Amino acid sequence: MKKMLFVVSFAFSVFLTADDFSYRGIFLGMSKIDLLKEVNGLPFIETSDKIVIGNYHDSSVLVSVDGNKVSDFTIKTDLANDKNEFIRLIAELSAKYGKPSYLDSKKYKALFAKDGIFISLRINKKSSGFTKFMGFGYSKECYSIKNVLED
Amino acid sequence: MESDNKTVISVCMGSSCFSRGNNESIELIKKYISDYNLSGKVILKGNLCHGNCSLGPNMSIGDDMYQGILPENIYDIMNSAFSSEVKE
């Protein structure tokens, strides 16, 4: 019974927190129709469950769609001054999710964990091989502590 | 991998694979599906990075993994995977 209560409360807390996550006009739980209105006129490529949107506020956005709702997204941007953007995002995310549970300012990596969700922030010059980008997103599939620490 | 008896084509949409050719490959796969009336038999999905960037661009068709794919190879890959479905 205790175990069940824990699972229910955990799922509920994830649900509440996940709904808070947003980036400019895109937020978890928004409908696909609203998403397409938000990015109207921007280039996008779509599969049955993922949409990549280009040029969204100087970033590209990879959105997962589940049952016509946004279930997951990551923002990737290539900025002239990555350091300033990193610091700005650390401040913005700290205000919302508390102190980062992992922060390496030299490697530009941070991880926020709250109520069972992970929000990772990083400038990644390694895994893509040639593309420098800043990744920022709530993700169930892609990011984990292991990704952030080892990638 | 099959979903509702449809063969799943899963294309990596992580930034590395995507910018190295999968952005174009997705459009070519869609065109192939349309040209050969495969929409009832396949489902095109995207996947996030699985950490195989150095071997990419990556995609899978059913249980078969394809690595280092280029847009110019898509037609041949699709032909070999769906040869029994496609009649030229």
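Predicted model, so just to flag it, every value in this text is computed and none were measured. (Residues numbered from 1 in each chain as written. Chains lettered and ligands numbered in written order. Predicted model: local features only at pLDDT ≥ 70, side-chain atom pairs only at ≥ 80, totals over all residues. Heavy atoms only, no water.)

Enquirer: Explanation requested: helix H1 (residues 15-35) of chain B in the structure shown.
Expert: Residue and element names in this part refer to chain B. With 21 residues, H1 should reach 30 Å at 1.5 Å per residue; the first-to-last C-alpha distance of 28 Å fits that figure. All buried positions along H1 are accounted for by Ser15, Ser16, Cys17, Phe18, Gly21, Asn22, Ser25, Ile26, Ile29, Tyr32 and Ile33. Positive backbone phi, approximately 50 degrees, marks Asn37, located one or two places after H1. (Helix = DSSP H or I, 4+ residues; strand = E, 2+ residues; numbered from the N terminus. Expected span 1.5 Å × (residues − 1). Buried < 20%, exposed > 50% of the residue type's maximum accessible area, 1.4 Å probe, protein only.)

Enquirer: I keep staring at the packing of aromatic side chains and nothing clicks. Help me out?
Expert: Each aromatic ring pair is specified by the distance between its two centres and by the angle formed by the two planes. Residues and elements named next belong to chain B. The tally for this structure, following the rule as stated, stands at three aromatic pairs over all chains. Seen from their ring centres, Tyr32 and Tyr36 are 4.5 Å apart, and the 40 degrees between their planes marks the pair as tilted. With a relative accessible area of 22%, Tyr36 lands in the partly exposed category. Ring centres of Tyr32 and Tyr75 lie 5.7 Å apart, and the angle between their planes is 75 degrees; on these two criteria the pair is classed as edge-to-face. With a gap of 43 residues between them, Tyr32 in helix H1 and Tyr75 in helix H2 (residues 74-81) connect regions that are remote in the sequence. Joined through ring pairs, the aromatic side chains of Tyr32, Tyr36 and Tyr75 make up one cluster. (Phe/Tyr/Trp six-rings, centres within 6.5 Å; stacked < 30°, edge-to-face > 60°.)

Enquirer: Could you clarify how one ought to interpret the side chain of Ser10 of chain B in this entry?
Expert: Residues and elements named next belong to chain B. Position of Ser10 relative to the elements: it lies in strand S2 (residues 6-12). Classification of Ser10 as buried rests on a relative accessible area of 11%. Engagement of the side chain of Ser10 in a polar contact is seen with the side chain of Asn47, the distance being 2.9 Å. Residues within four places of Ser10 in sequence aside, it is in contact with Lys45, Gly46, Asn47, Met59 and Ser60. (Polar contact = N/O pair within 3.5 Å; in protein donor to acceptor, adjacent residues only side chain to side chain. Contact = heavy atoms within 4.5 Å.)

Enquirer: What is the right way to look at unusual backbone geometry in this model?
Expert: In terms of backbone geometry, most residues other than glycine have negative phi values and most peptide bonds are trans. For the bond running from Gly56 of chain B to Pro57 of chain B, omega is 0 degrees, close enough to zero to count as cis. Position of Pro57 of chain B relative to the elements: it lies in the loop between strand S3 (42-47) and strand S4 (59-61). A positive phi angle, near 65 degrees, is found at Asn68 of chain A, a position not held by glycine. In this fold, Asn68 of chain A is placed in the loop between strand S5 (59-66) and strand S6 (69-77). Even without a glycine there, the phi angle at Asn37 of chain B is positive, about 50 degrees. For Asn37 of chain B, a relative accessible area of 64% gives the class exposed.

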